[in-house]
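Listed below, chain by chain, are the residues.
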Amino acid sequence: MLNPHRCYNPERMSISFHIDASSGKARTGRLLTPHAEIETPVFMPVGTLASVKGVPQDTLEELGAQIILGNTYHLYLRPGIETVRRMGGLHGFMAWPRAILTDSGGFQVFSLNELRKVTEEGVMFRSHLDGSSHFFSPESAMEAQIGLGADIIMAFDECTEHPADHARARASMELTLRWAARSKKYFEEHKHEVPWGNSRQLSAVSPQQEQIPRFARNDKKKEESAEGYVGTAAAGCPAERSSAAQASLRSPGQPGAAVPTQAVPTQTFPTPSQKTQSLFGIVQGGMDRELRKESAERTIEIGFPGYAIGGLSVGEPRELTREIVESTLEHLPADQPRYLMGVGTPEEIVEYASLGVDMMDCVLPTRAARHGLLFTSEGKVSIKQARYAQDPGPLDPTCGCRVCLRYSRAYLRHLYASNEVLAQVLNTIHNLSFYLDTMRRVRHSISLGEESGFLSSVGSRPKP
Ligand SMILES: [Zn+2]
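Residues numbered from 1 in each chain as written. Predicted model: local features only at pLDDT ≥ 70, side-chain atom pairs only at ≥ 80, totals over all residues.

(A) Representation of the overall build of the chain in the model. Of the regular secondary structure elements, the chain holds 17 helices and 16 strands. Looking at the chain as a whole, 48% of its 464 residues qualify as buried. Restricting the contact set of the chain to residue pairs at least 6 apart, pairs at least 24 apart contribute 70%. (Helix = DSSP H or I, 4+ residues; strand = E, 2+ residues; numbered from the N terminus. Buried ≥ 20, exposed ≤ 12 C-beta atoms within 10 Å, placed from the backbone. Contact = placed C-beta atoms within 7 Å.)

What follows is the structure, given as structure tokens:
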């Protein structure tokens with residue numbers, strides 16, 4: 001269903017979404033972003049600190065990862081937004097040429113519990129690293145995400161805790177709506193400040209060649225205080241700050257400069273000309289179906305090129321998660337991408353794809369891998385178990401990943417038991433491969449019109 005209230009101009013969009021095939025509620029499509037074309041439904045590996053833990057970027061490419069996530073809160077604290085921005089954003093900084101999505105920092109901030117204070121203006125919080133005080137507002141969260149330069153960025157929202165009574169869930173939803181409007185306003189005014197035009201090869205840039213967007217003219221306060229502090233974004237006149245920032249940018253590797261002179265990769269990445277990032281809205285409303293409906297409708301009125309369902313997987317029963325997802329999806333535009341944040345198991349990502357979700361992310365495959373929990377076509381394998389000590393077989397006989405083609409269960413068990421770093425690397429590669437393969441099979445099934453077939457054939461069943 002097309003919504004007449006959407007007020008963005010498609011001609012100016014830097015994202016487009018095409019549905020190729022449908023099967024029941026499920027659909028396959030292509031999401032065109034400035035850095036990559038993404039086949040949907042897609043699973044997005046989480047690279048919290050500009051790194052999918054343990055997996056080099058070339059291996060992620062080999063696995064077929066089309067888009068990965070970065071976490072604004074973590075990157076804001078380390079290495080700081082300015083450092084990333086000067087490197088041309090996350091793409092240049094982490095040498096990842098495909099698509100990136102960043103969250104707004106809201107979820108991480110709200111996970112801090114005792115360390116935060118919410119007001120209409122934003123959230124005051126303490127760093128989990130050193131206890132230092134920081135402030136995120138919709139505006140500063142947008143500024144941070146523009147500096148990080150992901151293809152898709154997220155509105156600043158309040159993730160409602162669970163359980164929450166009706167009044168609390170409504171108040172939280174209303175706050176998220178006001179913050180969504182402020183997020184969009186700031187984004188529209190500043191979206192051309194995305195650092196994609198900045199060269200990664202800063203050491204080779206001459207002053208004449210240097211193109212520093214107005215935004216790049218750094219707030220001196222940021223240099224003097226904690227790196228990447230974005231709370232003072234609105235203060236001061238950009239022109240007054242420009243000379244110090246340019247001097248600093250022209251002197252990478254100098255004492256105090258954040259950007260090293262050495263080891264600048266020679267590889268370059270295509271810069272998407274005239275493109276900007278895309279800002280997605282987030283539907284909240286707790287576990288109340290009516291509030292979710294209202295949140296969806298009013299977020300759509302504000303107008304975004306894609307919509308996320310947030311505030312789930314916060315401790316509620318899985319049945320309830322599914323119920324809220326299914327009912328919320330009914331109120332989201334069918335012709336725009338739908339992103340379910342923070343799920344799930346292999347079975348769950350298949351199920352949500354079948355309900356019409358286009359994008360998902362979860363730390364589960366990477367985090368579980370580091371704890372020796374592996375997803376296979378034969379069910380979950382806890383590789384630490386003694387039963388695998390003499391097992392010469394591959395981890396998953398049907399998996400074609402580089403780990404399963406080369407190593408035995410006995411070796412993987414040995415690496416894990418010996419606390420070898422390689423255990424985390426190999427386990428993570430396999431788990432990501434399993435998730436990405438699962439979504440590949442889901443897309444294939446949908447394109448063949450197998451409405452329910454893939455639900456039973458895909459997933460990680462419990463090991464007998
Ligand atoms: Zn494998």
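(B) Main features of the packing of helix α7 (residues 166-190) against helix α10 (residues 289-302). Running from amino to carboxyl end, α7 crosses α10 at an angle of 15°, the nearest separation of the two axes being 10 Å. In terms of orientation, α7 and α10 fall into the roughly parallel class. By crossing handedness, the relation of α7 to α10 is classed as right-handed. For the pair formed by α7 and α10, the contact residues are Ala169, Arg170, Met173, Leu177, Ala180, Ala181 and Lys184 on the first element and Leu291, Ser295, Arg298, Thr299 and Ile302 on the second. (Axes fitted to C-alpha atoms, helices over the stretch in contact; angles between N-to-C directions. Parallel < 35°, antiparallel > 145°, perpendicular 65-115°, else oblique. Left-handed = near helix turned anticlockwise from the far one by under 90°.)

(C) Representation of the confidence of the model for the chain within the structure. Overall, the prediction assigns the chain a mean pLDDT of 84, with 78% of residues at 70 or greater. Across residues 1-11 the pLDDT falls below 50, and counting only partners more than four positions away or on other chains, this stretch makes 14 contacts in the model. Confidence drops under a pLDDT of 50 for residues 200-268, and excluding neighbours within four residues, the segment shows 89 contacts in the predicted structure. (pLDDT = per-residue confidence, 0-100.)

(D) Molecular detail of the sheet that holds strand β2 (residues 26-32). The sheet built from 3 strands is open, its strands ordered β1-β2-β3 with antiparallel pairing. The sheet terminates laterally at β1 (16-23) and β3 (37-40), the two strands that pair on one side only. Each strand axis lies, on average, 15° off the axis of its neighbour in the sheet, ignoring direction. The sheet contact formed by β1 and β2 spans 7 bridges and is antiparallel. Each bridged residue has a counterpart across the sheet, and for isoleucine 19 the counterpart in β2 is glycine 29. (Pairing = 2+ DSSP bridges.)

(E) Layout of unusual backbone geometry. The residue after threonine 40, namely proline 41, is reached through a cis peptide bond having omega 0°. For proline 41, the location among the structural elements is in the loop between β3 and β4 (42-44). A cis amide bond links histidine 162 to the next residue, proline 163, at an omega of 0°. Residue placement: proline 163 occurs in the loop between β10 (152-154) and α7. Its identity is not glycine, yet alanine 50 carries a phi of approximately 60°, on the positive side. Among the structural elements, alanine 50 can be located in the loop between β4 and α1 (57-63).

(F) Spotlight on the nonpolar core. Ranked by size, the top nonpolar core spans 111 residues in total, and within it Met44, Ile68, Phe280, Ala308, Leu340 and Met360 carry the most contacts. Three or more residues apiece are contributed to this core by two domains, here domain 1 (13-362) and domain 2 (372-457). Setting aside its immediate chain neighbours within four residues, isoleucine 68 contacts Met44, Pro45, Gly47, Val52, Leu60, Trp96 and Ile100. (Core = buried A, V, L, I, M, F, W, Y, C linked by C-beta atoms within 7 Å. Domains from an automatic or database assignment.)

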